[in-house]
Amino acid sequence: LPPGVSELESLRKRGCGAAKVENPRGSQRVLKNTPVTNRNKGADKLKPEDITQIQPQKLTLSLRSGEPQSFNLKFKRAEDYPIDLYYLMDLSFSMKDDLENVKNLGTQLMLEMAKITSDFRIGFGSFVEKTVMPYISTTPAKLLNPCTGDQNCTSPFSYKNVLKLTSNGRKFNTLVGQQQISGNLDSPEGGFDAIMQVAVCGDDIGWRNVTRLLVFSTDAGFHFAGDGKLGGIVLPNDGKCHLENNMYTMSHYYDYPSIAHLVQKLSDNNIQTIFAVTEEFQPVYKELKNLIPKSAVGTLSANSSNVINLIIDAYNSLSSEVILENSKLPDGVTITYQSRCKNGVIGEGEMGRKCSNISIGDEVSFTISITTKQCPKMGKSETIKIKPLGFTEEVEIALNFICECDCHKDGIKNSEICHNGNGTFECGACRCNDGRIGRQCECSTNEVTSEDLDKNCRKDNGTDICSNNGDCVCGTCECKKRENPEERYSGKFCECDNFNCDRSNNKLCGGHGRCECRVCICDTNWTGSACDCSLGTTTCLASNKQICNGRGTCECGTCKCTDPKFQGPTCEICPTCPGVCTEHKECVQCRAFGTGEKKDTCERDCSYFNLIMVKHRNELPQPGQAFPLMHCKERDADDCWFYYTYAVNNNTEKEVHVVEKPDCPEGPDIIPIVAGVVAGIVLIGLALLLIWKLLMIIHDRREFAKFEKEKMNAKWDTGENPIYKSAVTTVVNPKYEGK
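Residues numbered from 1 in each chain as written. Predicted model: local features only at pLDDT ≥ 70, side-chain atom pairs only at ≥ 80, totals over all residues. Heavy atoms only, no water.

## What about the overall build of the chain?
- In terms of regular secondary structure, the chain is built from 14 helices and 39 strands.
- Here the C-alpha radius of gyration of the chain, 48 Å, is well above what a compact globule of 739 residues would show, namely 27 Å.
- Considered along the principal axes of its C-alpha atoms, the chain spans approximately 205 × 95 × 60 Å.
- Scored against the burial criterion, the 739 residues of the chain give a buried share of 40%.
- Across the chain, contacts joining residues at least 24 apart in sequence account for 60% of those joining residues at least 6 apart.
- As displayed, the chain has an accessible area near 42,500 Å², and 50% of this comes from carbon and sulfur atoms.
- Separation between the mean location of the 86 positive side-chain charges and that of the 95 negative ones in the chain comes to 3 Å. (Helix = DSSP H or I, 4+ residues; strand = E, 2+ residues; numbered from the N terminus. Rg over C-alpha atoms; globule rule 2.2 N^0.38 Å. Buried < 20%, exposed > 50% of the residue type's maximum accessible area, 1.4 Å probe, protein only. Contact = heavy atoms within 4.5 Å. Areas by Shrake-Rupley, 256 points an atom, 1.4 Å probe, with all protein chains shown as cover. Lys, Arg positive; Asp, Glu negative; His and termini not counted. Charge placed at Lys NZ, Arg CZ, Asp CG, Glu CD.)

## Topic: empty space enclosed by the protein
- Scanning the model with the defined rule gives two cavities of 30 Å³ or more in all.
- As a volume, the largest cavity reaches approximately 130 Å³.
- Taken together, 15 residues line the largest cavity, and the ones lying closest to its centre are Arg77, Thr211, Tyr315, Ser319 and Phe391.
- Taken together, the elements giving at least two residues each to the lining of the largest cavity come down to strand 8 (211–218) and helix 10 (307–319).
- Ranked by the residues each element gives to the lining of the largest cavity, the list is headed by helix 10, at three residues.
- The computed volume of the second largest cavity comes to approximately 70 Å³.
- Val263, Leu266, Ser267, Ile271, Ile292, Pro293, Lys294, Leu389 and Gly390 are the residues that line the second largest cavity.
- At three residues, helix 8 (residues 259–268) tops the list of elements feeding residues into the lining of the second largest cavity.
- A breakdown of the residues in the lining of the second largest cavity according to their chemical character gives six nonpolar, two polar and one charged. (1 Å grid on protein atoms, 1.4 Å probe; cavity = no way out; pocket = protein on both sides within 12 Å on 5 of 7 lines; lining within 4 Å. Points joined across faces, edges and corners; volume = space filled by probe spheres on them. Nonpolar A, V, L, I, M, F, W, Y, C, P; charged D, E, K, R; others polar.)

## Regarding the pairing of strand 20 (residues 423–426)
- Pairing geometry for strand 20 and strand 21 (residues 429–432), over four bridges, is antiparallel. Bridge pairing in strand 21 links Phe425 to Cys430.
- Once strand 20 ends, the chain turns through two residues before running back antiparallel as strand 21, passing Cys427 with a positive phi of about 55 degrees. (Pairing = 2+ DSSP bridges.)

## Notes on the layout of surface pockets
- Estimates place the volume of the second largest pocket at around 350 Å³.
- Along the walls of the second largest pocket sit 13 residues, with Lys32, Glu49, Ile51, Gln57 and Glu393 positioned nearest its centre.
- Looking at the lining of the second largest pocket residue by residue, the class counts come to four nonpolar, five polar and four charged.

## Observations regarding the sheet that holds strand 39 (residues 654–659)
- Ordered in space as 36-39-38-37, the four strands form an open sheet in which the pairing is mixed. Taken across any chain shown, the strands that pair with only one partner, and hence form the sheet edges, are strand 36 (610–614) and strand 37 (629–635). Neighbour-to-neighbour, the strand axes of this sheet turn through a mean angle of 25 degrees, independent of strand direction.
- In this sheet, strand 39 lies alongside strand 36 in parallel orientation, the contact comprising five bridges. Bridging from a neighbouring strand, Leu611 pairs with Val656 of strand 39.
- Across the sheet, helix 12 (residues 580–593) lies against strand 36, strand 37, strand 38 (641–648) and strand 39, angled at about 110 degrees from strand 38, the strand it touches most. (Axes fitted to C-alpha atoms, helices over the stretch in contact; angles between N-to-C directions.)

## Description of the sheet that holds strand 15 (residues 346–347)
- With respect to topology, five strands assemble into an open sheet ordered 2-4-17-14-15, the strand pairing being antiparallel. Unpaired on one side and paired on the other, strand 2 (54–55) and strand 15 mark the two borders of the sheet.
- Of the pairings in the sheet, the one linking strand 14 (residues 333–340) to strand 15 comprises two bridges and is antiparallel in character. Each residue of the ladder has a partner; that of Arg340, found in strand 15, is Ile346.

## Some points on the packing of helix 6 (residues 191–200) against helix 8
- Packing of helix 6 against helix 8 brings their axes to within 9 Å, and their N-to-C directions diverge by 25 degrees. Between helix 6 and helix 8, the interaxial angle falls into the category roughly parallel. In the packing of helix 6 onto helix 8, the handedness of the crossing is left-handed. Along its contact with helix 6, which presents Phe192, Ile195, Met196, Ala199 and Val200, the element helix 8 presents Ile259, His261, Leu262, Lys265 and Leu266.
- Within the contact of helix 6 with helix 8, the residues separate by chemical class into eight nonpolar, one polar and one charged. (Parallel < 35°, antiparallel > 145°, perpendicular 65-115°, else oblique. Left-handed = near helix turned anticlockwise from the far one by under 90°.)

## Some points on the state of the cysteines
- Counting across every chain of the model gives 21 disulfides.
- The disulfide partner of Cys587 is Cys606, and the gap between their sulfur atoms is 2.1 Å. One quick way to see it: the torsion about the S-S bond of Cys587 and Cys606 is about -65 degrees, and its sign makes the bridge left-handed. Of the two residues, Cys587 is situated in helix 12 and Cys606 in the loop between helix 13 (602–605) and strand 36; the sequence distance between them amounts to 19 residues. Neither Cys587 nor Cys606 differs from the other in exposure class; each is buried. (Disulfide = S-S within 2.5 Å.)

## Details of the packing of helix 3 (residues 105–113) against helix 10
- Closest axis-to-axis distance for the helix 3/helix 10 pair is 10 Å, and the angle between their directions is 40 degrees. Crossing geometry of helix 3 relative to helix 10 is assigned as right-handed. Where helix 3 abuts helix 10, its residues Leu105, Gln108, Leu109, Glu112 and Met113 lie against Val307, Ile308, Ile311 and Ile312.
- Split into classes, the residues belonging to the contact of helix 3 with helix 10 amount to seven nonpolar, one polar and one charged.

## Focus on the packing of aromatic side chains
- On inspection of all chains with the given rule, the structure shows 17 aromatic pairs.
- Look at Phe127 and Phe216: their rings are 5.2 Å apart centre to centre, the planes differ by 10 degrees, and that puts the pair in the stacked class. Here the residue Phe127 occupies a position in strand 6 (residues 120–127), and Phe216 occupies one in strand 8, the gap between them amounting to 89 residues.
- A relative accessible area of 0% places Phe127 in the buried class. (Phe/Tyr/Trp six-rings, centres within 6.5 Å; stacked < 30°, edge-to-face > 60°.)

## Some remarks on the confidence of the model for the chain
- On average, residues of the chain score 84 in pLDDT, and 93% of them reach the 70 mark or higher.
- Across the chain, the element-wise mean pLDDT spans from 65 in helix 1 (residues 5–13) up to 94 in helix 6. (pLDDT = per-residue confidence, 0-100.)

## Things to note about the environment of Ser94
- Secondary-structure assignment places Ser94 in the loop between strand 5 (83–90) and helix 2 (96–102).
- With relative accessibility at 42%, the residue Ser94 sits in the partly exposed group.
- Counting along the chain gives 126 residues from Ser94 to Ala220, while the straight-line C-alpha distance between them is 9.0 Å.

## Some thoughts on the environment of Glu348
- Tracing the backbone shows Glu348 in the loop between strand 15 and strand 16 (354–355).
- A sequence separation of ten residues divides Glu348 from Gln338, and the C-alpha atoms of the two residues are 5.0 Å apart.
- Once residues within four sequence positions are removed from consideration, Glu348 is found in contact with Tyr337 and Gln338.
- A polar contact is formed between the side chain of Glu348 and the side chain of Gln338, at a distance of 2.6 Å. (Polar contact = N/O pair within 3.5 Å; in protein donor to acceptor, adjacent residues only side chain to side chain.)

## Some remarks on the nonpolar core
- Judged by nonpolar contacts, the single largest core of 39 residues is most densely connected at Leu85, Tyr87, Met89, Leu105, Leu109, Phe120 and Phe124.
- Residue contributions to this core peak at eight residues, all from helix 10.
- Ignoring sequence-local partners within four residues, the contact set of Phe124 consists of Tyr86, Tyr87, Met89, Val102, Asn161, Val162, Leu163, Phe172, Val176 and Gln179.
- Residues Met196, Ile205, Phe222 and Tyr254 belong to the second largest nonpolar core, which totals 30 residues. (Core = buried A, V, L, I, M, F, W, Y, C linked by side-chain atoms within 4.5 Å.)

Take a look at the structure:
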């Protein structure tokens with residue numbers, strides 16, 4: 001192990017000169033360090049193998065247990081990098097209209113991809129389903145034409161490699177134009193069989209060591225491992241190529257691959273997948289995307305008319321992100337990543353493996369640390385590889401392990417120091433010959449009984465040998481080693497250790513001391529069983545230079561406030577004192593509502609409290625909690641009242657709860673007022689008309705009654721007019737006899 005200062009000091013105190021202390025350290029050596037390619041699109045054309053996007057390419061690390069070795073890895077997206085794109089299409093009957101639009105895809109996609117790269121190749125494959133029941137109908141007529149009615153369809157098949165990757169877009173159009181639709185019975189399709197063959201049949205597909213894109217186009221779901229049982233197929237997919245005459249011939253023999261199996265093969269072959277699926281199946285394929293690294297999902301229109309835009313968008317999304325992965329690590333070896341991405345963004349942990357939003361020509365770097373906790377068997381070298389997902393380039397790292405000091409090579413066999421030649425003296429200690437034991441090989445296993453040896457290894461004549469923390473060797477305790485090399489047993493009877501002391505904040509001796517024989521030896525200005533009590537008072541000084549603001553005592557570097565109204569690390573915070581509401585009013589205004597005098601400096605001046613918005617006043621915290629609080633009601637410039645509470649919680653964090661909607665005086669509502677005035681005028685007018693009408697009726701009735709009364713009282717003269725002659729003349733017929 002790499003000895004710390006205390007171990008080296010201990011060796012010096014025991015009389016070991018610096019020249020006699022061997023302290024081998026880890027190292028690293030770069031074996032291949034070709035610079036990343038700086039290339040413009042109009043520059044001379046390079047072969048794919050001559051383009052470098054990752055640096056360095058090969059190095060050797062010598063690792064000592066517990067000592068990390070770090071190196072920097074650089075990645076740069078090369079401009080005009082070659083692209084291979086394979087279009088894998090579902091040719092079940094529901095994709096009939098899509099096939100028509102794909103027939104001209106070759107030349108159109110060539111034109112669009114020319115804006116990205118001058119070296120682009122395209123291929124085409126199709127799939128339907130396993131050619132067994134119940135996935136397809138196996139009646140002779142349906143095997144010839146699985147479609148119904150007068151539709152002319154080709155025989156069903158599992159997967160067909162129609163066109164090997166080519167730079168001839170017209171050839172793509174011609175061959176795709178000759179394809180016919182087929183059909184099957186169930187809704188999910190056998191696309192996973194096709195993806196597996198595309199991934200593993202590199203020679204048949206024509207993949208180069210460049211960016212590899214697989215566009216998977218369908219309007220249905222997918223079968224996966226286990227579904228083959230419906231057709232009596234139980235053998236797991238073997239993940240090998242089974243193409244004969246460009247047709248997958250083992251669909252009836254092997255089950256569908258599992259998602260994990262596909263992930264492995266796609267990653268091994270550096271293939272990035274683009275799922276072009278209809279809106280209906282977006283949720284399913286988005287879940288699948290989360291399981292397949294370096295994959296994307298695009299929404300395919302009902303007739304695939306938007307497929308070119310979909311491919312371009314998905315490619316830009318995939319190529320703008322780099323994710324590092326490593327091969328399987330040897331036992332005891334760990335690896336950590338730290339990324340330094342665009343705009344100074346630094347990632348740690350799992351985020352340290354990736355960088356996003358990378359444009360062509362951008363350069364990012366990663367710091368990779370490799371540590372071993374143990375030596376492998378026989379101390380043999382191991383090799384690991386690190387590569388960005390979806391890229392063919394990789395970094396090869398040879399790991400050599402420092403398991404012994406060089407002084408082992410200079411051991412003195414049968415040395416007199418080892419009890420008259422009973423062992424080899426190496427690195428300042430004896431390695432005993434067979435049959436001999438003891439620090440200096442002074443005991444023979446045949447000469448002494450175990451009882452005689454064990455009694456010297458029991459502390460205070462107890463029953464435990466070497467305190468159960470070691471083995472009794474020739475009457476002397478040899479303490480056990482721990483998995484963690486920094487933890488040790490010590491003492492004549494292995495009764496001591498340096499890891500069982502009291503802890504504070506999950507740190508041994510609070511991080512302010514060292515553990516010796518299960519007791520903390522504290523650093524200066526620290527005390528306590530776990531060295532968690534500071535003797536200094538600087539952390540207790542308030543802004544007025546008084547210890548704990550004169551309202552508390554400083555204990556272990558922390559103020560204990562004696563006045564219950566005061567809180568905080570220095571007893572300066574008083575949530576319930578007068579003036580608290582006014583003091584924080586402006587900051588509450590700008591944080592909660594974006595108004596007030598401090599709205600322009602809010603982020604700078606008012607970030608000292610946690611803001612929590614509530615909808616109603618009854619949701620504000622109420623008195624009686626574990627910590628005091630102050631209810632506040634303040635008026636803003638618009639004469640609106642806003643309500644909040646101010647408190648300091650048990651973690652000394654300032655909390656402000658604010659009602660999200662202020663109470664504002666409501667202005668006059670014009671419409672009801674105008675409507676009321678108009679209505680009032682109309683009603684008054686109507687009332688006046690009614691009163692006038694009523695008075696007229698009363699007046700008329702009185703006049704009529706007066707007229708009737710005068711008429712009754714009138715006395716008219718009934719004598720005849722002397723000059724009056726009647727208008728009637730009576731003539732008598734003289735011949736009339738009255739019969």
